[in-house]
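Here is what each chain is made of, one letter per residue.
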Amino acid sequence: MGIVGFGFSGLIDVLVLHHVLQWHHLLSGIYPMNTLDGLRTNIRADGLFSIAMLTIMCIGGGLLWQSERRTDVPLAVRPLIGAAVIGLGVFDLYDAIVDHAILGLHQPLSQGGYYNPHWIVVSLLIIVAGVYIYRTGTRTAVEKMGEGG
């Protein structure tokens, strides 16, 4: 489910921030958004990125489906949600550190990176929340198994 969360976060990022709000594009730190050629390149990169994130979500969904089919016991929901939240936070952390800071592909809101430290902290908090949800869900599942046996 972490893979689904990673892909979902990337897909929401590109659809909302790149396509709908047009605050920035995937390669706007390299190709200008104010020329026709630069805009075409950025939109093409955004589209390819959308396809990549959708593919990642589908791979995660396929792995989840395989996991569900291998067991007679229903999968516990809280650990699945926790893993998805962890994946969501990991994408946001990756985006801020790798895409924004290291590679300089783009900057959110064109603020020259001032937004990045704050978003790294938020991303880490999302990951911590996901770990909490995951761990409390696995603890509950183990306690229930102990009661039934």
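Reading the values: the criteria
- Residues numbered from 1 in each chain as written.
- Predicted model: local features only at pLDDT ≥ 70, side-chain atom pairs only at ≥ 80, totals over all residues.
- Heavy atoms only, no water.
- Helix = DSSP H or I, 4+ residues; strand = E, 2+ residues; numbered from the N terminus.
- Buried < 20%, exposed > 50% of the residue type's maximum accessible area, 1.4 Å probe, protein only.
- Contact = heavy atoms within 4.5 Å.
- Areas by Shrake-Rupley, 256 points an atom, 1.4 Å probe, with all protein chains shown as cover.
- Polar contact = N/O pair within 3.5 Å; in protein donor to acceptor, adjacent residues only side chain to side chain.
- Phe/Tyr/Trp six-rings, centres within 6.5 Å; stacked < 30°, edge-to-face > 60°.
- Expected span 1.5 Å × (residues − 1).
- Core = buried A, V, L, I, M, F, W, Y, C linked by side-chain atoms within 4.5 Å.

J.: It is not clear to me how the overall build of the protein should be interpreted in this structure. Could you clarify?
T.: Of the regular secondary structure elements, the protein holds four helices and zero strands. Scanning the protein from its N terminus toward the C terminus, one meets helices and strands in the order α-α-α-α. The 149 residues of the protein split such that 31% are buried. Long-range contacts, defined here as pairs at least 24 residues apart, represent 67% of the contacts in the protein between residues at least 6 apart. When the accessible area of the protein is evaluated, it comes to approximately 9,100 Å², of which 68% is carbon and sulfur surface.

J.: Can you help me understand the side chain of Thr 136 in this one?
T.: Relative to the elements of secondary structure, Thr 136 occurs in helix 4 (residues 116-148). Side-chain polar atoms of Thr 136 contact the side chain of Arg 78, separated by 2.6 Å. Among the polar contacts made by the side chain of Thr 136, one reaches the main-chain carbonyl oxygen of Ile 133 at a distance of 3.1 Å.

J.: Looking at this model, I keep getting lost on the packing of aromatic side chains. Mind explaining?
T.: To describe a pair of aromatic rings, one takes the distance between the centres and the angle between the planes. Tallied over the full model, the rule gives three aromatic pairs. Look at Phe 6 and Tyr 94: their rings are 6.3 Å apart centre to centre, the planes differ by 55°, and that puts the pair in the tilted class. Of the two residues, Phe 6 is situated in helix 1 (residues 2-20) and Tyr 94 in helix 3 (residues 77-102); the sequence distance between them amounts to 88 residues. Residue Phe 6 is classed as partly exposed on the basis of its relative accessible area of 21%. Taking relative accessible area as the criterion, Tyr 94 reaches 37% and is therefore assigned partly exposed. Ring centres of Phe 49 and Phe 91 lie 6.2 Å apart, and the angle between their planes is 45°; this geometry places the pair in the tilted category. Residue Phe 49 is located in helix 2 (residues 36-69), and its partner Phe 91 is located in helix 3; the two are separated by 42 residues in the primary sequence. The pair Phe 49 / Phe 91 is uniform in exposure class, with both members buried. Each member of the aromatic cluster is reached from another via a ring pair, and the members are Phe 6, Phe 49, Phe 91 and Tyr 94.

J.: How do you make sense of helix 2 when you look at a structure like this?
T.: What sets the pattern is the α-helix's 3.6 residues per turn: residues three or four places apart point alike. Counted at 1.5 Å a residue, the expected span for helix 2 with its 34 residues is 50 Å, and the 49 Å between its end C-alpha atoms agrees. All of the buried residues in helix 2 are Gly 38, Asn 42, Ala 45, Asp 46, Phe 49, Ser 50, Met 53 and Gly 60. Tucked into the core, helix 2 has its buried residues touching helix 1 and helix 3.

J.: So what exactly am I meant to see when it comes to helix 1 here?
T.: In this model helix 1 runs 26 Å from its N-terminal to its C-terminal C-alpha over 19 residues, within 8% of the 27 Å that 1.5 Å per residue would give. All of the buried residues along helix 1 are Val 4, Gly 5, Gly 7, Ser 9, Gly 10, Leu 11, Asp 13, Val 14 and His 18. One or two positions beyond helix 1, positive phi appears at Gln 22, with a value near 55°.

J.: Please explain the nonpolar core as it appears in this structure.
T.: When a protein is soluble and globular, its nonpolar side chains tend to lie buried together. Ranked by size, the top nonpolar core spans nine residues in total: Leu 11, Val 14, Leu 26, Leu 27, Ala 45, Phe 49, Met 53, Phe 91 and Leu 105. Going through the elements one at a time, helix 1 and helix 2 are the ones with two or more residues in this core. It is helix 2 that provides the largest number of residues to this core, a total of three residues. In this view, Phe 49 contacts Gly 10, Val 14, Leu 26 and Phe 91; residues no more than four positions away in its chain are not counted.

J.: Would you explain unusual backbone geometry in this entry?
T.: For residues other than glycine, phi is negative in most cases, and the peptide bonds are mostly trans. Of note in the backbone geometry, Gln 22 takes a positive phi value of approximately 55° without being a glycine. Its location among the elements puts Gln 22 in the loop between helix 1 and helix 2.

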